Amino acid sequence: MAEEEEKKIDTKKEKDSSSEDVVIVEAEVVEDKEEKKVAKPKRKVRKKKATAEEKEAEKEVEAERPKKKVAKKRIKVEEKEEAETPKEKKKVEGEKPKEEEKEEEKEEEEAEEEEGEEEEEKEEIEIIEEEEEYKVKIKPELSEELKHELEIRRGIKKKTPDFKRQEWFRYKRLGEAWRRPRGLHSKMRKHKGYRQDVVSVGYGSPKGARDLHPSGFEEVMVYNAKDLDKIDPKSQAARVGHSVGTRKRTEIEEKAEEKGIRVLNPRRA
């Protein structure tokens, strides 16, 4: 029994020692890793203090550098001047600056434009001379009362609406020509406010200015040259009938010019 107990004690000691060795090995590994991670500080290299003699030598070197550059530039300029031939020098002397060339070009363009405008004006003048001169239309001799009535009529005509037939918008076959409403139940005949206006006395013009042309002439229908003998050129004007042909129309217009009668519907040129 005693021997068995001694063996157990020995095994325990061996286990304890082996565990301690493992722990020590692990600790050493961890320490090695930490040492690798930590960066070693760099050693500062102290520069030697420059002596007074060295400083003076550096200043002399710096002072000499710009002189060398200037000398090189002068050499390059001299080489360029030598490379230029006398012909090239003449060209350079004879050439004008670009600004002067541009100004001369602009002046030439302006002169050309002025010449073109003058030619166009001459052509326009020639065309106007060839065209017929505008003839002033003949005007009637009106009294002051009649002139006043015509002015009143112009003001009334501006306010008068366009009278159209009842329900012209509903049936196309009716047309827009005015017809008096006659229906028994017609709202337009009864002058309802929501219907259009109806022809009435209030829209009439003064009695003296009725049935006159806007110029103030009284219109007279003409179908041949003989009808012009009945017209008074001071207050009446001729209106050629629609059925008259070109031959008679030319005769009527020529005779009207001789007598000084105005034609309200002359032939278009």
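Note that the structure is predicted; figures quoted are calculated from it, not measured. Going along each chain's sequence as written, the residues are numbered from 1 onward. Whole-chain, interface and lining totals are the exception, using all residues; otherwise, since this is a predicted model, local features are given only for residues with pLDDT of at least 70 and side-chain atom pairs are given and counted only at 80 or more. Neither water nor hydrogens contribute to the side-chain values; these are computed over all heavy atoms in the structure.

(A) View of the layout of surface pockets. In this structure, the largest pocket occupies an estimated 990 Å³ of space. Using protein atoms alone on a 1 Å grid, points that fit a 1.4 Å probe yet trap it form a cavity, whereas open point sets bounded by protein on both sides within 12 Å along at least five of seven lines form a pocket; residues with an atom within 4 Å of a point count as lining. Around the largest pocket, the lining is made up of 21 residues, and of these Lys135, Glu253, Glu257, Pro266 and Arg267 lie nearest the centre. Looking at side-chain class alone, the lining of the largest pocket contains 9 nonpolar, 2 polar and 10 charged residues. Taken as a whole, the second largest pocket encloses approximately 200 Å³ of empty space. In terms of lining residues, the second largest pocket is bounded by 13 residues, among which Gln166, Glu167, Phe169, Met188 and Arg195 are the most central. Charged residues are taken to be Asp, Glu, Lys and Arg, nonpolar residues to be Ala, Val, Leu, Ile, Met, Phe, Trp, Tyr, Cys and Pro, and polar residues to be all remaining types, Gly included. Split by residue class, the lining of the second largest pocket holds 4 nonpolar, 4 polar and 5 charged. Grid points are joined across faces, edges and corners, and a volume is the space filled by probe spheres set on the points.

(B) Just the packing of aromatic side chains, in detail. Each aromatic pair joins two rings of Phe, Tyr and Trp (for Trp, the six-membered one) with centres within 6.5 Å, and gets the label stacked for planes under 30 degrees apart, edge-to-face for over 60, and tilted for any other angle. All chains considered together, the criterion is met by 3 aromatic pairs. Ring geometry for tryptophan 168 versus phenylalanine 169: centroids 6.0 Å apart, planes at 90°, classification edge-to-face. The class for tryptophan 168 is partly exposed, based on a relative accessible area of 27%. Through pairs of rings, three or more aromatic residues link up here, namely Phe163, Trp178 and Tyr203. Between buried and exposed lies partly exposed: a residue is buried under 20% and exposed over 50% of the maximum accessible area for its type, with that area taken using a 1.4 Å probe on protein chains only.

(C) Structural view of the pattern of salt bridges. Between Lys or Arg on one side and Asp or Glu on the other, a salt bridge is scored when a side-chain nitrogen of the former is within 4 Å of a carboxyl oxygen of the latter. Considering all chains together, one arrives at 5 salt bridges under this definition. Glutamate 167 is the salt-bridge partner of arginine 170, the closest N and O atoms lying 3.1 Å from each other. Take glutamate 167: its relative accessible area is 31%, and that puts it in the partly exposed class. Close ionic contact of arginine 247 with glutamate 251 constitutes a salt bridge, the shortest N to O distance being 3.6 Å. One end of the pair, arginine 247, and the other, glutamate 251, are both in helix α6 (residues 246–259), 4 residues apart, so they sit about a helical turn from each other. The exposure class of glutamate 251 is partly exposed, given its relative accessible area of 37%. Each of Asp229, Lys255 and Lys259 takes part in a single network of salt bridges with overlapping partners. Secondary structure elements are defined from DSSP: runs of H or I of at least 4 residues count as helices, runs of E of at least 2 residues count as strands, and each element is numbered from the N terminus.

(D) Region of interest: α6. An expected span of 1.5 Å times one less than the residue number is assigned to each helix. Counted at 1.5 Å a residue, the expected span for α6 with its 14 residues is 20 Å, and the 20 Å between its end C-alpha atoms agrees. The set of residues buried in α6 consists of Arg249, Ile252, Glu253 and Ala256. Down the axis of α6, the buried side of the element spans an arc of 95°, and every buried residue falls inside it. Along α6, exposed side chains directed more than 90 degrees from the buried face belong to Arg247 and Glu258. Taken from the residues just after α6, glycine 260 is the one with a positive phi, measuring 75°. Taking the helix axis as origin, the arc is that swept by the directions to the C-beta atoms.

(E) Main features of the environment of arginine 267. For arginine 267, the location among the structural elements is in the segment after α6. The sequence separation of arginine 267 and threonine 246 amounts to 21 residues, and the corresponding C-alpha distance is 8.7 Å. When neighbours within four sequence positions are excluded, arginine 267 is seen to be in contact with Thr246, Arg249, Thr250 and Glu253. Throughout, a residue-residue contact means that at least one pair of heavy atoms, one from each residue, lies within 4.5 Å.

(F) Structural view of unusual backbone geometry. Residue histidine 191 is not a glycine yet carries a positive backbone phi of 60°. By the element assignment, histidine 191 lies in the loop between α5 (144–159) and β1 (218–222). Residue histidine 191 is classed as exposed on the basis of its relative accessible area, which comes to 57%. Of note, the phi angle at aspartate 211 is positive, near 60°, even though the residue is not glycine. Looking at where aspartate 211 falls in the secondary structure, it is placed in the loop between α5 and β1. The class of aspartate 211 is exposed, set by a relative accessible area of 74%.

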